[in-house]
Amino acid sequence: LMRKVFTTVGFGLVSSRMTTKGEGTMFRRETELAAPVVQWLRKRGWTVYQEVSAGFGLADIVAVKSEKVWVIECKLAVTFHLVGQARRWLPCAQEVSVAVPYEMLYRRGMRAAFECLGALGVGVVLVDNCSGGRPRVDVEKESKNTKYDPEISQRHLLSCLHERQQNYAPAG
């Protein structure tokens with residue numbers, strides 16, 4: 001059964017693709033979900049740190065490019081716990097997003113959940129685990145963080161980054 005899926009990519013742009021219901025397979029572990037996100041970021045020139053402890057929580061992914069810091073929490077489902085995890089990083093980074101499986105897009109109520117995340121300033125990254133192909137990463141909603149305060153928290157977060165975090169433990 002083929003159907004056309006329309007996706008908001010950001011800035012009001014809409015993309016479409018043909019898909020079969022149930023395309024891709026759900027990720028079994030958060031590390032499986034995070035791996036393609038890490039690879040996607042590195043291909044785009046980001047320096048990626050994984051499992052970063054900043055004293056008030058553990059960030060799955062912290063990506064740095066020039067002066068820009070992007071924190072991404074990777075989860076297999078959208079929950080209030082995930083919203084809380086993402087929210088605590090808002091003062092620390094210019095971009096804060098959650099990465100979830102692409103299949104979440106088709107679940108009941110997810111559009112509303114994504115809108116709530118957007119209202120908080122948290123972006124959404126969708127990861128598609130295409131069977132037979134390599135995973136695909138799409139930025140569903142851009143992060144619109146208004147709570148970022150570089151004087152308070154970014155210096156602290158950057159001081160917690162260590163070269164070993166780039167490879168010593170997989171994110172998730």
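Above this text you will find the structure in question.
Residues numbered from 1 in each chain as written. Predicted model: local features only at pLDDT ≥ 70, side-chain atom pairs only at ≥ 80, totals over all residues. Heavy atoms only, no water.

**Concerning the overall build of the protein**
1) Next: On a plain count of helices and strands, the protein comes out with four helices and eight strands.
2) Next: Its helices and strands in sequence order give the protein the pattern β-β-α-β-β-β-α-β-α-β-β-α, from N to C terminus.
3) Next: Buried residues in the protein amount to 48% of all 172 residues.
4) Next: Long-range pairs, those at least 24 residues apart, make up 63% of the contacts in the protein with a sequence separation of at least 6.
5) Next: On the protein, roughly 9000 Å² of surface is accessible, and the fraction owed to carbon and sulfur atoms is 54%. (Helix = DSSP H or I, 4+ residues; strand = E, 2+ residues; numbered from the N terminus. Buried < 20%, exposed > 50% of the residue type's maximum accessible area, 1.4 Å probe, protein only. Contact = heavy atoms within 4.5 Å. Areas by Shrake-Rupley, 256 points an atom, 1.4 Å probe, with all protein chains shown as cover.)

**Focus: the packing of aromatic side chains**
1) Next: All told, the structure shown has two aromatic pairs when counted by the stated rule.
2) Next: Considering the side-chain rings of Trp-40 and Trp-70, the 6.2 Å spacing of their centres and the 70° angle between planes classify their relative orientation as edge-to-face. Residue Trp-40 is found in helix H1 (residues 30-43), and its partner Trp-70 is found in strand S5 (residues 68-74); the two are separated by 30 residues along the sequence.
3) Next: Given a relative accessible area of 9%, Trp-70 falls into the buried group.
4) Next: Put simply, the rings of Trp-40, Trp-46 and Trp-70 pair up and form one aromatic cluster. (Phe/Tyr/Trp six-rings, centres within 6.5 Å; stacked < 30°, edge-to-face > 60°.)

**Describing the pairing of strand S4 (residues 58-65)**
1) Next: The buried count for S4 comes to six of eight residues, which makes it a mostly enclosed element.
2) Next: Sheet analysis places strand S3 (residues 47-53) next to S4, joined by six bridges and oriented antiparallel. Residue pairing in the sheet places Val-48 in a bridge with Ala-63 of S4.
3) Next: Where S3 folds back on S4, the antiparallel hairpin that results is connected by four residues, among which Gly-55 adopts a positive phi of roughly 90°.
4) Next: Note that S4 and S5 share five bridges and pair antiparallel. Counterpart to Ala-63 in the pairing with S5 is Trp-70.
5) Next: The antiparallel hairpin formed by S4 and S5 contains two residues in its connecting segment, where Ser-66 sits at a positive phi of about 60°. (Pairing = 2+ DSSP bridges.)

**Overview of the environment of Lys-68**
1) Next: Locating Lys-68 in the fold gives a position in strand S5.
2) Next: A relative accessible area of 34% places Lys-68 in the partly exposed class.
3) Next: Here the alpha-carbon distance between Lys-68 and Trp-46, two residues 22 residues apart in the chain, equals 9.4 Å.
4) Next: In contact with Lys-68, not counting residues within four places along its chain, are Trp-46, Ala-63, Gln-94 and Glu-95.
5) Next: Within the structure, Lys-68 has its side chain in polar contact with the side chain of Glu-95 (distance 3.4 Å). (Polar contact = N/O pair within 3.5 Å; in protein donor to acceptor, adjacent residues only side chain to side chain.)

**So, the pairing of strand S6 (residues 95-101)**
1) Next: By the criterion of burial, S6 is predominantly enclosed, with seven of the seven residues buried.
2) Next: In the sheet, S5 pairs with S6 via five bridges, with the strands oriented parallel. Directly across from Glu-73, in S6, lies its bridge partner Val-98.
3) Next: Summarising the sheet, S6 and strand S7 (residues 123-128) pair through five bridges and their orientation is parallel. Bridge assignment links Val-100 to a residue of S7, and that residue is Leu-126.
4) Next: In the classification by handedness, the crossover that spans S6, the intervening helix H3 (residues 110-120) and the parallel S7 is right-handed. (Right-handed = clockwise from strand over helix to strand, strands pointing away.)

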